[in-house]
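Summary of structural features
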Amino acid sequence: MRIALDPGSRDAPPRVRRLDEHGVPLGDVEVLPDLFAVARLEKEHAPRWVIARPRTYRRLLDAGVEVARAHDVELTEGLLVAADGHFGQPHGLAAAVARLEGRTPAADPLRDDDGPPALFESGPVGDELADVVAVHAAQQARLTDPRMRLLVAAESAGGLVAEEMRATGLPWRADVHDALLTEALGPRPVLGGRPPKLAVLAAEVDAAFGRRVNVDSPAEVLRAFGRVGVELETTRSWELKGVDHPAVAPLLAYKELARLHTAHGWAWLRTWVRPDGHGRGRFHPEYVVGGVVSGRWATRGGGALQIPKAVRAAVRADPGWKLVVADASQLEPRVLAALSGDHALAPDEDDLYAALAAREFGDDRAKAKLALLSAMYGAGSGSAAQLMGRLRKRFPAAMAFVDDAARAGEEGRLVRSHLGRTCPPARPGHEEPAAARARGRFTRNFVVQATAAEWALVLLADLRSDLRGAGSPARLVFFQHDEVVLHVPAEAAAATADAVQAAATTAGRRLFGATPVRFPMQARVVDGYDEH
DNA sequence: TAGGTCAGCGCC
DNA sequence: AAAGGGCGCTGACCTA
């Protein structure tokens, strides 16, 4: 059974309507006394909840209610709109209703929040429950492809996981973070100036140039090098590394530490880590499901998907608890092997790059890795393109698969992932050869990256479902493209690690059926996220 | 002063 | 060595 839900507002009670699998109402609108009544329906019927995200589930969680399954009409609308080649069109509930009624949809509201509709929204305030029911029925009628249905279910489950992770938060020890900042930068400056070690390095750069240089200004640094006879294109680290000048060493050291200070220093800690009152803290990033064209998630606030290795020691399990950190091994080449049916690309080995190096690249693992990455990213020229040529001979089916995707992009055709996520079409008026090639690199990568994101999404959905079914106390606390972190009582850690690996195998089967390609996941039980 | 873009670098 | 896909965030710098 499915149940459509309007969570109501401060002034209006929640309302539900039971639906069959096609979205046809099975009865009248029911008014609930409060959101907790949802928990009772969940227990009785275990329905798939038809909701509009994220305000709905966020409010359920705030009320202490979790649900197992959902159909998110807004996430689904985004997938369907893109599938029609209309990427970038609004896909919120109001836009979906407008489309149903043959009107031109207005832009989506800038931010989904959990408040009631604004007083002066354009047009009359609609009946959210009726809207959800109508949009859902139309979507179900369109969702005839089993792969697309799997994608919709996984995307919707992702919406649930994202809200749960936001609410739970990633365990973050502010004291550990502070200690490692002090170790790297010196004591925290009281008035917000440069930390001591940064000041020292900046002074060393000044001394090397014999004049005052603002090390934070790339333009000024370029001019300073120009004056001493060193002509640089940029001040990027890799370019500076090739320069023989006494300013280079302190400058590189400065850039690295300055990055730590500005991006993940004390200001970040104060802004993003909320103390829980027990000497611990939690980092609560907001995940944006489907926020990236390829279906990868984005985050809002705190740069959660760019936590540098240097501060990961601050992510520590609570006393008596463990972290289970699991990442998929070489996911993208395995996905390409399964997608293209070129199974020789992914033999039954844990390290694909090493295996490929042994067979083709004289045991040079770095070369093998570069060749494979170039195949999936597209290499324009140079040695990488040469390496791709060797792959083309050895793995013709796999290379033909990505080459086809690249050609489709260059010709302005739509490209889709394995489950049916659609790459946005090229903007008209960009037919110059350089733009077309760039487009080709984009679509070449899209088919692999988007399918890898689908695998990870299905893994996440299955894992969540398995853990719930087993009554596990483990909590998902972090998800980053091909990696998951769970926070779990120590006694349940080993079983949780097993569950992750099982879910990885299941995800491979759900996407690709009886493929011989394995999708191994390394799951480690640790106290800190920095441990390997 | 407020807003945008760019350069640079963190992550996958 | 340093080229090829996807992001978010920061300070510098420029414009209105």
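In the block above lies the structure referred to throughout.
Residues numbered from 1 in each chain as written. Chains lettered and ligands numbered in written order. Predicted model: local features only at pLDDT ≥ 70, side-chain atom pairs only at ≥ 80, totals over all residues. Heavy atoms only, no water.

The secondary structure content of chain A amounts to 19 helices and 14 strands. For a compact globule of 532 residues, the expected C-alpha radius of gyration is about 24 Å, and chain A comes in at 26 Å, within 12% of that figure. C-alpha atoms of chain A, sized along the principal axes, occupy 80 × 60 × 50 Å. In chain A, which comprises 532 residues, the proportion classed as buried is 50%. When contacts within chain A are restricted to residue pairs at least 6 apart in sequence, long-range pairs at least 24 apart make up 64% of them. Of the roughly 24,700 Å² of accessible surface on chain A, 52% is carried by carbon and sulfur atoms. Within chain A, one finds 67 positive and 69 negative side-chain charges whose respective centroids are separated by 3 Å. (Helix = DSSP H or I, 4+ residues; strand = E, 2+ residues; numbered from the N terminus. Rg over C-alpha atoms; globule rule 2.2 N^0.38 Å. Buried < 20%, exposed > 50% of the residue type's maximum accessible area, 1.4 Å probe, protein only. Contact = heavy atoms within 4.5 Å. Areas by Shrake-Rupley, 256 points an atom, 1.4 Å probe, with all protein chains shown as cover. Lys, Arg positive; Asp, Glu negative; His and termini not counted. Charge placed at Lys NZ, Arg CZ, Asp CG, Glu CD.)

All right, on to the protein's contact with DNA strand B then. Around DNA strand B, a shell composed of 17 residues is seen, among which Thr-235, Ser-237, Lys-255, Gln-306 and Asp-482 lie nearest. Near-protein atoms of DNA strand B (within 4 Å) split between backbone and bases, with sugar and phosphate holding 82%. In the model, a base nitrogen of DNA strand B is placed 3.1 Å from a nitrogen or oxygen of the Arg-259 side chain. Between DNA strand B and Gln-306 there is a distance of 3.4 Å, counted from a base nitrogen to a side-chain nitrogen or oxygen. Each residue belonging to the surface near DNA strand B can be placed in one class, and the counts come to 4 nonpolar, 6 polar and 7 charged. (Near = heavy atom within 4 Å. Polar contact = N/O pair within 3.5 Å; in protein donor to acceptor, adjacent residues only side chain to side chain. Nonpolar A, V, L, I, M, F, W, Y, C, P; charged D, E, K, R; others polar.)

For Asp-363, which is not glycine, the phi torsion reads 65 degrees and is therefore positive. Residue position: Asp-363 is located in the loop between α14 (352–360) and α15 (365–377). Backbone geometry at His-481 places phi at a positive 65 degrees, although glycine is not the residue there. Summarising the element assignment, His-481 is placed in the loop between β12 (475–479) and β13 (483–489).

Right, let's talk about the sheet that holds strand β6 (residues 170–171) for a bit. Spatial strand order, β6-β8-β7: 3 strands in an open sheet with antiparallel pairing. Strands at the two margins of the open sheet, each flanked by one partner only, are β6 and β7 (273–275). Summarising the sheet, β6 and strand β8 (residues 281–283) pair through 2 bridges and their orientation is antiparallel. When the bridges of β8 are listed, Leu-170 appears paired with Phe-283. (Pairing = 2+ DSSP bridges.)

Neighbouring strands of a sheet are bound in pairs by backbone hydrogen bonds; such pairs are parallel or else antiparallel. With mixed pairing, the 5 strands of this open sheet are ordered in space as β3-β2-β1-β4-β5. Looking at strand neighbours, the two that pair on one side only are β3 (30–31) and β5 (69–72), the edges of this open sheet. Pairing analysis gives 3 bridges linking strand β1 (residues 2–6) to strand β4 (residues 48–51), with the strands arranged parallel. Its bridge partner being in β4, Arg-2 is matched across the sheet by Arg-48. Sheet contacts for helix α3 (residues 73–83): β4 and β5; angle to β5, the most-contacted strand, approximately 50 degrees. Running at roughly 140 degrees to β1, helix α5 (residues 128–142) makes contact with β1, β2 (15–19), β4 and β5 of the sheet. (Axes fitted to C-alpha atoms, helices over the stretch in contact; angles between N-to-C directions.)

Here we take up the side chain of Gln-139. The residue Gln-139 is located in helix α5 in this model. Exposure remark for Gln-139: the relative accessible area of 2% places this residue in the buried category. At 2.9 Å, the side chain of Gln-139 and the backbone oxygen of Val-73 are in polar contact. Non-local contacts of Gln-139, meaning those with residues more than four positions away in its chain, are made with His-71, Val-73, Thr-76, Glu-77 and Leu-80.

Contact geometry of α15 with helix α18 (residues 433–469) gives a least axis separation of 7 Å together with a crossing angle of 110 degrees. With respect to each other, α15 and α18 are oriented roughly perpendicular. On the side of α15, the interface is formed by Ala-375, Met-376 and Tyr-377, while α18 contributes Arg-441, Arg-444, Asn-445 and Val-448. Broken down by class, the residue content of the contact of α15 with α18 amounts to 4 nonpolar, 1 polar and 2 charged. (Parallel < 35°, antiparallel > 145°, perpendicular 65-115°, else oblique.)

Below, the discussion takes up the pattern of salt bridges. Across all of its chains, the model carries 33 salt bridges by this definition. Taking the shortest distance from any N to any O, the salt bridge between Glu-163 and Arg-58 comes out at 2.8 Å. Taken together, the residues Glu-163 in helix α6 (residues 146–168) and Arg-58 in helix α2 (residues 55–62) connect sequence positions 105 residues apart. The pair Glu-163 / Arg-58 is uniform in exposure class, with both members buried. The closest approach of N and O atoms between Arg-300 and Glu-286, which form a salt bridge, is 2.9 Å. Here Arg-300 is found in strand β10 (residues 298–300), whereas its partner Glu-286 is found in strand β9 (residues 286–288), with 14 residues between them in sequence. Its relative accessible area of 31% is what places Arg-300 among the partly exposed residues. For Glu-286, a relative accessible area of 16% puts it in the buried group. Taken together, the salt bridges that share partners define one network made up of Arg-58, Glu-163, Arg-166, Glu-286 and Arg-300. (Salt bridge = Lys/Arg side-chain N within 4 Å of Asp/Glu carboxyl O.)

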